[in-house]
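Fold and contact review
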Amino acid sequence: MKYHELKTPSYIVQEGELIKNLKILNRVQREAGCKVLLAEKAFSMFRVYPLIADYLAGTTASGIYEARLAHEEFGSAVNPHPENHVFEPAFKPDEMIELCGIADHLYFNSLAQLEAHRHVWEPYEKAGKMKIALRINPEHSTQEGHAIYDPCGPGSRLGIRRSKIPERLPAGVSGLHFHTLCEQGLNPLIETFRSVEENFAPFLEEAEWINLGGGHHITRDDYDVEGLIAFIKEIKEKWHVDVYLEPGEAIALNAGTLITRVLDIVETSDLPTLILDASAACHMPDVLEMPYTPPLFKALASRGGTESAPEPCDEGVWVRLASRTCLAGDVIGIYRLPALPKIGDILTFGDMAIYSMVKNNTFNGMALPDIVLERDLEDEDRFELVKRFGYEDFKGRLS
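An account of the accompanying structure is given in this report. (Residues numbered from 1 in each chain as written. Predicted model: local features only at pLDDT ≥ 70, side-chain atom pairs only at ≥ 80, totals over all residues. Heavy atoms only, no water.)

1. Thoughts on the environment of H240
Defined as follows: For helices the rule is a DSSP run of H or I covering at least 4 residues; for strands it is a run of E covering at least 2, with both sets numbered from the N terminus onward. Each residue's exposure class comes from its accessible area (1.4 Å probe, protein chains only) as a fraction of the maximum for that residue type: buried when under 20%, exposed when over 50%, partly exposed otherwise. A contact between two residues is defined here by any heavy atoms of the two lying within 4.5 Å.
As for its placement among the helices and strands, H240 is situated in the loop between α8 (225–239) and β9 (242–245). With relative accessibility at 65%, the residue H240 sits in the exposed group. Each C-alpha atom of the pair H240 and L114 lies 25 Å from the other, and the pair is 126 residues apart in sequence. Excluding anything up to four places from it in sequence, H240 contacts A207, E208 and I235.

This is the structure:
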């Protein structure tokens, strides 16, 4: 397809930007001697799983369906036997039976869960077909402003505290796992690992491998990639363990857009409000959940929230971008644009590959956006329609 043939709204994933990110992660993998996994919870567009498998060691899933998706779709001629890692705060018995047939690394969130399912996983572990880890809680928070994403916060249910682990790792457990970061650089990782060294040293000495979790913004322009490589080498040399990383956002960071069309312009009491065919609540839920304001191409400035108009400006015009759902707070943000758009104009939001397709919904009967892959080609027909959703996708979820 050509660009002008695309419908709105559509998620467009840029293959070239994806490859750029994957090359950085592959370099970390090669030079540090570690393994990098795709955290499917951030990006599960399996159309590009064979491409990702060319660069990364495998995947990490947060549930049975993600684990099945990886088992069925992730792999390539370069990487025909990728690793399939799975963590859930609690596993159901029937899930555990299925997981032991498709996964090769399982992570348990509590000793009670480990022992409850031992009769299922232990034969696989003893046969060398499965590796088992415990998720630990370092109780050392590095989050600022995102309490919902802080596994070390008060009352967190994620990870086992030091006081709850016996003096030795339970039989069959060979790995440790912690995941405490969210869109962060290298220093919070180092700081967290120092806390792990201080409080979990006896278990590091026993462990054969460790997963440093996700939340690493390795492909961000200002990330200290050289420092990360050196730090992983230090961990391997000091503790004699294999090291895993499981970034999600870093794989598809800045590799996707969401195009949307202006359907109407409403003159509210303070600002022109543009009604779009894309929705924060349905198509980019993190806008309301975190909250955050997604980047908009050609915008001169932006701010979040739904209240209080910005000060008048000499250049451009402030507008509120909102959706056509009936949710009053379904507002994407307030943006300063060079000029007031016209009805029918297309606007483009950036960084829409991650935590968009995996979180979207059909509230209010809103159609899901098309999924499009922009191939890394110069051709005008470089846009591949991967998936178009319709009424049956909405209806099939309800009864």
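Now that the structure has been shown, we can carry on.
2. Some remarks on the pairing of strand β15 (residues 346–350)
Looking along a regular strand, one sees side chains alternate from face to face of the sheet. For clarity, the cut-off: Pairing between strands is defined by DSSP: at least two bridges between the two strands are required.
In terms of residue burial, β15 counts as a mostly covered element, since 4 of its 5 residues are buried. One ladder, built from 5 bridges, connects strand β10 (residues 256–267) with β15; its direction is antiparallel. Across the sheet, residue T257 finds its bridge partner in β15, namely G350.

3. A closer look at a negative patch on the surface
Here is the rule we go by: Patch membership requires over 30% relative accessible area and the absence of a salt bridge. Like charges are linked within 9 Å, and nonpolar side chains (Val, Leu, Ile, Met, Phe, Trp, Tyr) within 5 Å. Under the convention used here, a 1.4 Å probe and the Shrake-Rupley method define accessible areas, while residue burial counts only the protein chains that appear. The salt bridge criterion pairs a side-chain nitrogen of Lys or Arg with a carboxyl oxygen of Asp or Glu, the two atoms within 4 Å. We count Lys and Arg on the positive side and Asp and Glu on the negative side, and we leave His and both chain ends out. Charged groups are reduced to one reference atom each: NZ for lysine, CZ for arginine, CG for aspartic acid, CD for glutamic acid.
A surface patch of negative charge is lined by E17, D376, E378 and D379. Looking at where E378 falls in the secondary structure, it is placed in the loop between β16 (370–374) and β17 (383–387).

4. A look at the pattern of salt bridges
Proximity of charged atoms lets side chains of opposite charge pair with each other. Tallied over the entire structure, the rule returns 22 salt bridges. Between E83 and K35 there is a salt bridge; the shortest N-O distance is 2.6 Å. Of this pair, E83 sits in strand β4 (residues 83–87) while K35 sits in strand β2 (residues 35–39); the two residues are 48 residues apart in sequence, bridging distant segments of the chain. Each of R194, E197, E234 and K238 takes part in one network of salt bridges that share partners.

5. Digging into the environment of E88
You can see E88 is positioned in the loop between β4 and α4 (93–102). Distance in space between the C-alpha atoms of E88 and A61 is 8.3 Å, their sequence separation being 27 residues. When neighbours within four sequence positions are excluded, E88 is seen to be in contact with S62, G63, I64, E95, Y107 and N109.

6. Structural notes on the nonpolar core
For clarity, the threshold we go by: Each nonpolar core is a collection of buried residues, namely Ala, Val, Leu, Ile, Met, Phe, Trp, Tyr and Cys, held together in the definition by side-chain atoms within 4.5 Å.
Judged by nonpolar contacts, the single largest core of 101 residues is most densely connected at F43, I52, L106, I251, L321 and F349. It is helix α7 (residues 186–206) that contributes the most residues to this core, 8 residues altogether. If you look at the next biggest cluster of nonpolar residues, it comprises 8 residues, including L37, Y107, A133 and L158.

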